Each structure stands twice: as structure tokens, then as C-alpha cells.
Amino acid sequence: MDKDRIARCLALGQLARSQQGEAQAATLAELEAALLALQPAPAPADAEFRLDYAGYVTHWNEGAEQLFGYRAGEAVGQHVLFLYAEDDEDGNIAEMVVDADHAVVDVQRRKKSGEVIRVRLSISLERDATGQPSGMRVHIEPMMEYLTTREKTTLHARIIEDSDQGVLITDASERIVSINGAFTRITGYSAAEALGKTPDLLRSGVHDADFRAKVRAAMKGAGPWRGEIIGKRKNGELFPQSVTVSAVRDEQGAISHTFSLFSDISVHKDAEARMQQLANYDSLTGLPNLGLLGRLLEQAMTEARRKGEHGALLVVDLPRMGALSDTLGYEVANSVLVAVGRLFREVLREEDILARLEGARFAAALPQIEKREHAAIVAQKLIAALDAPIQVGSHALQVHAQIGIAVYPEDAPDAPELVRGAEAAMARVLPGQEPALLFYSEEMNQRAKEHLRIESELRQGLANNELLLYYQPKVSLRSGRILGAEALLRWRHPVRGLVSPGVFIPVAEETGMIFELGNWVLEEACRQIAAWRSANLMMPPIAVNLSARQFDSKLPERVADVLARYQVHPEQLMLEITESLLVRGADNVIAIMNELVAMGLSLALDDFGTGYSSLAYLKKFPISTLKIDRAFVVGLPFEENDCAIARAIVTMAKQLRQEIVAEGVETIEQMSFLRDLGCDQLQGYLFSQPVAAADFERMLREGKRLAVTGRQATLAL
């Protein structure tokens, strides 16, 4: 064909030489056209497109148009995902993940016609003038298919059958229609046992509904799902498997089948668990090691900074362990260390972190503490845990601890420095020092010493009968007569005299002594009521405060026992609780309250308005009296907000048919305002400060009352 064209061109050239004018021009034009026809067709342009850094197409050349069938106007502005093939298993996010400036990867991509082709991508990272990544340039080279459709089908079937991965294929009704040999080897189910069943055959029951919904969505065509599933073998054994679930569509786009590829990863999981154990945990005690402690501490310190909270790290050393190991051998010493770790774990809260650092040194991280001084309380508990000898075989071994404490965020900005601070404090503990603990900060040492001194002396005071009750009268705002009193705990220290409850009550709360003190108050109040009865004086109800620690299921039994021993009638005793108790397990609290009320006791809600109370709470709980906290009384009648709050509390209490007692009333103006609101009783210095039992008895015998006439108030006998 080309020879004929060349001959034609030669003939046209000879003819043109013999012509002139318009005839020659026409022949030359024909010659030019014939010569152009002889030129080879230009090779198709290389396919190439560019993406911005978010994966959207910014440039699309002619080669890309020819390869994929999309014109530039159709492609530019789209996300590169529009080219992705649903069933591509080989790097289907290749254009958006480039680990270096250049990468080459083989993938499947979809043409506009729907045909899926295999291509090789050469991806180059592009940078802007400042050197920052700005996008990708992607060069595409089609890859040749070397197998016929029949050959591929046969080969794929062979590969599936011989694969180490289990293959499970279901039809549109989710019935199993095909499995391979690996399926039987992994699950134990033969083809006869599996075909016609549903994949629930392997369901373990471990996963929740949300998890199963994700897998079913993949089966319904939402896109491939990859993850780990706990399956169940024929023998009932559960096993972890790595699974891929995807849907197969027919020519009309409807889902005809789904397939699952899975592998038994039990061995890998076991190996991974062993590696994690070796890397993060102490091989002797099973506790976290220093590395894991550091990571957990960093997380806790970050959380504490975000919330503005405190935390602490305690480093605990067992000084005698070296001598013990030298004397009795390392096997005995190791048994002691394991026992110590177990004892420490029992002392700490679930959220606290116990670790073994090295040798005979442990660490306890307290991620959240209300007060920094609380770390010393925990340290004391750890020391006390070693009071009893540890039994190892025939040996009863006494072990002692010394503890250094560092507090964050004050003492250190990060975990390594916090550990160093606690270790430095621990190293300063002197042999024989009591208690054997020190803070990294000298200020905290002084505060901790004061805290520990109060606790120690308070325990002695309880044992030495240094505690006593004072009584603050409650007075009727209608008659002015004494209607009751609140029993208030006082501590008469042999050296410092009367110690303010604001000093020792918080310490008692933090150390757990409040339970003992609360029981003592209940006991002493009933004893005093009985003594007054024996002296022919019938007292109005005496109110006793209950702490949250006392409020457990055995409280009614304890109260009943005290009432019975002193022959005190339930109506002679009122129990006062605080608002914070109401939100702590409401159902349990209500049951205990109902039991107390059924015994004939009255319940009052103390310090109302300072905590969590609401109408919803007050409707649920069998409370007969509300006490307006002194914080809302002090500004009456001049502070607008205090007036509004007092008015709202009184109105609410009246609707609920509850008595209202105002605490901290000190002026006639406060009394008059509260009386006009409809408040029932007052308690405060306007009538009387808390007084000893003998003084309160004298008030009642003399008939002391608050005489109220108009806007005037006086004390009268």
C-alpha cells in the first residue's frame, strides 16, 4: 500500500514540473496531501493526571482521556476515588499514600465503560515554592493481560482451592454455595455439612449488634469490610480470624453472591500477646514495667492537665530484700516480691497503676486525687499492708517499705522527671523514720506531716474520750420555743483545747475515720437522750448528721441496735443527710431511707442548695425537713440573689409539705424575712450558739425561747 502511495507522489511531482499557474498549484496541493498521508500516525500520548494534596484531579491529559474514556471536563474536580475498582485488593489508595517522593505500584482501575483494567502507576510527589508537598503527578501505563478468560478462570479456581485462606461464598439468600479445602481445615466443617447453611454456622456470639451490622452491610454491597472476627469451630472452640467480606454483582448490578476470605490468626495472636507481655510487663510479678508505666503516666498527666486535676507517683523501696535474698536465696526473695505486689494491688483503687521498676522497687501511680495530701494516705496504707509477716514456706518474713512521693503537675512536667522526683524523695527517707515517707516538695512534706499528726491524735482522742457533743437549738418562728437541736461533734484536745471541726472532719473523711466518728456520735446522742429521760426531762428530737460512708445497707440495723440499747424512741432522733448522698446509687439509697422511715425516724436534708438537689430528687426521697444552707441566709434580706433562692426553696418545700429550717440566722432582719416567707424554724447565733449538754438542758428547764413581736425579736424565759 505504501509503495502505491509513493509512486503516486512521484507522478504528481513530474506533472507539477510540466504545469504552470493554477493547474500547477492544484497539483502541488494534491501532492502535499499525498505526502501527509504517508506520515505514520502519532503514537498515543502517555496517560497522565495530577492531583492536589487532598486527592482531587487538577489536570487530565489526552492520554488519560484515551485510556479511561473520560474527557478532561468530566475528570477535573473529581476525587481520584471515581477511578477505583470495587474489588481491588492491591493498594486501592495508592495515589493518596506516598511514603517517598516517588512510588510505583500495580493496581486495578475502572474505565468510564465500567471495564476494570490493570495499570502501573508511577506517582511523583510535587512540592510548592516553599518545599511543602502540594500534590501528586500520576503517570499511568496499561499492563498487558497474558491469560485468556478460560485460563484465568481455571487458574483462579485452582488458586482458591489450594489457598491457605478459607474461602466462603454465599448466594443472594445468604446460603453457603461454595467453600474451599482451607475452610474445612480451619473450621472442621466439611462441604456436606456447610453447603446450604448460613455463615451463622461459625458465629461465636462474642460480637455485639453494631459489629455484626458492619459485616452485614458489606454483604449487602456497602463496600468491602476487613477486620478481625472471633469465629467458632465445629468442636466449639473459639478462634480469632482475619476476614475480608465483599459482594459480587451481576451484569445488571444486582448482588448475586458474597465471598469471605479468612485466616486463622491464633498463632499470631498468641505470639503477639507473648511479645506484648515481655515488652510491657515484669516477668516475675506480672505487673507493668517501667516502660509501660511511663506511657500510662504520660496519658494520665495529659488528662490531668486538661482537667486541671492532681495526680501522684509513689516509688516504694523494700530495703531488706537484698539481705533476705543473700540469706535465704533468690527463690524466697522472689516469692516475697510476688506477695508484696499482690498486697499492694489489694490496697490500691482499680484505676491506680501498680508497677515493678527493678529489684525490690515498686511504683504506684494515682491518676486522680482530690487533694495532694491524699497521696500520703495511700502511702500509709501501702506501708500498713506490710505490717503482718509474709509467709513463704516455713519462713514468716517481715518486710518494711520506704516511699517517695512526687505530685503532678507541680513537681514534674513529664513522666521520666516525675519518676526521678519520687525516687529522689524516697532516697531521703531515713532508716527508722516514722512514717517512712517523704514528698519531693518540702511544702508538701509539712502539710502531710500536719495531716498525719491530726489523724494520729484524733484516733487517740477517740480512744481517750476526748470527743463530746454540743447541741445547737432549733427554734420555732411561730412560737419562739425550742423544737429540737442538732448534735455537733467537738474535740477537746488535751493541749490545744477545742479543735475546730473544720480541721479534723476533713481528715476523718479522707482517712475513713468518719465512719467511726459517725457511729460514736449516734451512740453518744442516744446515750444523752436516755440520760435526760432518766433526769425526767423529755427532749425534743435531736438531729444527728450521717456521713456517706455510714449510709450502707446495714445502717438501719445499726441504728435500731443503738435505739434499743438506750431505749430511745425513734421520734426522739432525726437523721440529717447531705445532698451529695442523693446522687450516689439512688435506688439503693431510697431503699435504705424507706427502711429508716418505716422504723419511725425522720430524715432531714442538710445544706440544701449547695449540691445536686432538684425537685426530681425531693419527690423520690422520703425527706420530711429541708435545711436552707447558711450560704443563702447570710445575705438576707439585702442580697437580691439570696432572697430569690430562699424564696424558691421555701416555696418548693411547702409544695412538698416539708418543714423548713434556716441555718446560720444571726440577725433580726434575717429572722423577720424568713418568717415572712413562711420558714418554719431557725438555727443560729441569733438564738444560741452550740452549747454543752448541761447548758442545753438548762435552756429547756428554764423555758428559754425567742420572743417575736412584729419586727422585734428578744430572748425570753
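The following paragraphs examine the structure supplied in this document.

Each value, and the rule that gives it
Residues numbered from 1 in each chain as written. Predicted model: local features only at pLDDT ≥ 70, side-chain atom pairs only at ≥ 80, totals over all residues. Heavy atoms only, no water. Disulfide = S-S within 2.5 Å. Buried < 20%, exposed > 50% of the residue type's maximum accessible area, 1.4 Å probe, protein only. Phe/Tyr/Trp six-rings, centres within 6.5 Å; stacked < 30°, edge-to-face > 60°. Helix = DSSP H or I, 4+ residues; strand = E, 2+ residues; numbered from the N terminus. Lys NZ or Arg CZ within 6 Å of the ring centre and 35° of its normal. Core = buried A, V, L, I, M, F, W, Y, C linked by side-chain atoms within 4.5 Å. Pairing = 2+ DSSP bridges.

Moving on to the state of the cysteines. Tallied over the entire structure, the rule returns 0 disulfides. The structure places no disulfide on Cys643, whose sulfur is separated from the nearest cysteine sulfur, that of Cys679, by 13 Å. Note on Cys643: relative accessible area 7%, which makes it buried. Residue class for Cys679 comes out buried when judged on its relative accessible area of 3%.

Inspection of every chain in the model, using the stated rule, returns 11 aromatic pairs. Ring geometry for Phe49 versus Trp60: centroids 5.5 Å apart, planes at 25°, classification stacked. Taken together, the residues Phe49 in strand β1 (residues 47-52) and Trp60 in strand β2 (residues 57-60) connect sequence positions 11 residues apart. With respect to class, Phe49 is no different from Trp60; both count as buried. Connected via pairs of aromatic rings, a cluster forms that spans Phe49, Trp60, Phe68, Tyr70 and Phe82. It is Arg233 that lies over the ring of Phe239; its NZ or CZ is 4.2 Å from the centre. Sitting over the face of the ring of Phe687, Lys704 holds its NZ or CZ atom 5.4 Å from the ring centroid.

Bringing the nonpolar core into the picture now. In terms of nonpolar packing, the biggest core is built from 81 residues, with Tyr471, Phe551, Leu573, Leu596, Leu682 and Phe696 touching the most fellow members. With 9 residues, helix α17 (residues 514-534) is the largest single contributor of residues to this core. Of all hydrophobic cores here, the second largest spans 37 residues; its members include Leu314, Met321, Leu382 and Ile403.

This part takes up the pairing of strand β16 (residues 402-408). Of all 7 residues that make up β16, 7 are buried, and the element is covered over most of its length. Two elements, strand β11 (residues 310-317) and β16, share 7 bridges in a ladder whose sense is antiparallel. Residue pairing for β16: Ala312 is matched across the bridge by Val407. Where β16 and strand β17 (residues 437-439) come together, 3 bridges link them in parallel fashion. Across the sheet, residue Gly404 finds its bridge partner in β17, namely Leu438.

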